[in-house]
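# Per-entry structural report
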Amino acid sequence: MADFGEILRNIGEFGLFQRLILFALCFPNLILPFHFASVFFVQSEPGRHCNTDWILSAGPNLTTDEQLNLTLPREKDGTFSRCWMFVPVDWDIDAIREYGLNETTGCQNGWVYDKSLYEATIVTDFDLVCDKANLVEVAQIVLMAGILIGCLLFGPFAESFGRKRATQIPVVLMFIFTVTTGICPNFYLYLASQFMVGVGYGGFRLNAIILATEWIGVTKRSLGSCVSQIFGAFGQCILAGMIYFIRDWRLAQLVTAAPIAVVVIYIWFIPESARWLMDRGRTEEAKQLILKVAAINKRTVPDSLLEKIVEKETVEKGGIRVLIRSSVLRKYFFAITLAWFSLNLSYYCLSFNVGNFGLDIFLTQFMFGLTELPAHILCIWLLEVVGRKLSLISTLLIGGLLCIFILAVQGSAVAVTTLATAGRFFMNWAGSICNVYVQELFPTSVRQTASGLGSIASRAGGLLSPLLNLLAIYHWAVPTAVFSGLSVISGALTFLLPETRRTELPDSADEAEGNRNMATMKNQSDSKEPQHSSIKSTKL
């Protein structure tokens, strides 16, 4: 049976084909951050007051100040109430001025919002204020729940039906429900659409990286994973610019749907993973794909290599059972999933607070995206220089400690924003490492399941982040202390993981548990055999 690493060395580890498929699968990451536009860019407390136009029937010539003075009670600080109004009465304007109004009630005819920052948000369109203010967090939770369910559904789906289908279907879901999100008439349909967008988001992010990486050779594998993150960082920067110029959340949704429509068209031409086909015993399909890839990369495939591609007598299956049976794989899985969970919890707790750091929200979001770029670029280099293990340990520990320092500088908007941006920088960096690491720790037969379950754990962190932020009502320091402490703990537990730098992806549980290095050394020695043989024959 031919080793797929040997096949890639013959057809090209990172040729024209790999570059094309990597770009095609990474381009959507430029758009994916836009799905957070409606829940990132909201004002939890937009300037507003109750609609009291009822009084204009009694006094049509009232100025705005007179109208508010007569119809709205004042808070203790002297400002007009945002959630209460005086009960309307059937009096003439002179009687209202003479006797005044005393009985209060909740806003009966909606609110009048300050539109100096946004034309429209889900808060202003669905009146998510006063007793409904916490529904903003519900919207965030529903989106993150959809992402989690997408990972849960499309991880096992990809093991059974292939990486290709598990990448294509989520893109279609994202397109359809991004459009419906932009036109939904009420908050409940909005939640349903956002949930389905999240399902597509989670399924695509999980499977696109796996599909791209399984076509890339060992020397460029970290590049393949980190490039997708770089596109996402650019998307974060573009998101800030898009919302700055398009301050209507519905229009932003429809603008987001346009490039996804392009992806929906070309995604059907993405080929399946030959590694997965071989693992499933579909060798003829794998051979055809290998020949096509070799032709695109302008390489020739030796007949002797094709003859080695034979159908496996037994295909290693079992999914999660393989993880459960192996104590070594269980240990790896626990350590990597805890790391992924804690970094995502920290990342989204900071992201969902983008408007609460005290600086301009657009500038803060742009800084968030801009600082992610060097994180992913550095990741490509450092993963090969210092390895996966040390990189993950250091990023989690440094990121967690920076977030802890936020507790010491409350009151300074610049210091808080700087530390939050730096902490998010290292958490994002750690996320890139996890994307590479999780694929190298587990064998082909369980790789998608392990990646899917790990991604579910990471999305669970994102799902819990709005709930964790809500604990700030008890004490402002609680959310920061929790997510930063978890990051430090997970960084310490990463010591349990092995180093996987410059090793082939394991195809069996035995290789993943400890024989991988031996297999890699064997492959390297096999590739050198022809050269040794020629030297010997020359000496003879």
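Right above here is the structure, for reference.
Let me begin by describing the structure that accompanies this report. None of the values given here were measured: they were computed from a predicted structure.

Among the structural elements, Ala-139 can be located in helix 7 (residues 135-161). You can call Ala-139 buried: its relative accessible area is 0%. The sequence separation of Ala-139 and Tyr-332 amounts to 193 residues, and the corresponding C-alpha distance is 34 Å.

Attention now goes to a nonpolar patch on the surface. On the surface, Leu-378, Trp-381, Val-385, Val-386 and Leu-390 cluster together into a nonpolar patch covering about 450 Å² of accessible area. At three residues, the largest contribution of residues to the nonpolar patch is made by helix 17 (residues 361-385). When you line up the elements, Leu-390 lands in helix 18 (residues 388-405).

Further remarks concern the state of the cysteines. Under the counting rule described, the total for this entry stands at two disulfides. Covalent S-S linkage joins Cys-50 and Cys-107, the inter-sulfur distance amounting to 1.7 Å. Judged by the sign of its S-S torsion, about -60°, the cystine formed by Cys-50 and Cys-107 is left-handed. Of this pair, Cys-50 sits in strand 1 (residues 48-50) while Cys-107 is found in the loop between strand 3 (104-106) and strand 4 (111-113), placing the two residues 57 residues apart along the sequence. A single burial state applies to Cys-50 and to Cys-107, both of which are buried.

Further remarks concern the packing of helix 16 (residues 327-351) against helix 18. Packing of helix 16 against helix 18 leaves a shortest axis separation of 11 Å and a crossing angle of 35°. Crossing of helix 16 over helix 18 shows left-handed handedness. Residues Ile-336, Ala-339, Ser-342, Leu-343 and Leu-350 of helix 16 lie in contact with helix 18, whose contacting residues are Leu-392, Leu-396 and Cys-403.

Secondary-structure assignment places Gln-140 in helix 7. With residues up to four places along the chain from it excluded, the contact list for Gln-140 reads Val-39, Phe-352 and Pro-466.

With that out of the way, let us pick up the pattern of salt bridges. Inspection of the entire model under this criterion finds seven salt bridges. With its nearest N and O atoms 3.8 Å apart, the salt bridge here joins Glu-66 to Arg-97. Residue Glu-66 is located in helix 4 (residues 64-71), and its partner Arg-97 is located in helix 5 (residues 93-99); the two are separated by 31 residues in the primary sequence. You can call Glu-66 partly exposed: its relative accessible area is 34%. In this structure, Arg-163 engages Glu-214 in a salt bridge whose closest nitrogen and oxygen atoms are separated by 2.8 Å.

Cut-offs applied
- Residues numbered from 1 in each chain as written.
- Predicted model: local features only at pLDDT ≥ 70, side-chain atom pairs only at ≥ 80, totals over all residues.
- Heavy atoms only, no water.
- Helix = DSSP H or I, 4+ residues; strand = E, 2+ residues; numbered from the N terminus.
- Buried < 20%, exposed > 50% of the residue type's maximum accessible area, 1.4 Å probe, protein only.
- Patch = residues over 30% accessible without salt bridge, like charges linked within 9 Å, V, L, I, M, F, W, Y side chains within 5 Å.
- Areas by Shrake-Rupley, 256 points an atom, 1.4 Å probe, with all protein chains shown as cover.
- Salt bridge = Lys/Arg side-chain N within 4 Å of Asp/Glu carboxyl O.
- Disulfide = S-S within 2.5 Å.
- Axes fitted to C-alpha atoms, helices over the stretch in contact; angles between N-to-C directions.
- Left-handed = near helix turned anticlockwise from the far one by under 90°.
- Contact = heavy atoms within 4.5 Å.

Remember that the coordinates give geometry; whether it matters functionally is a separate question.
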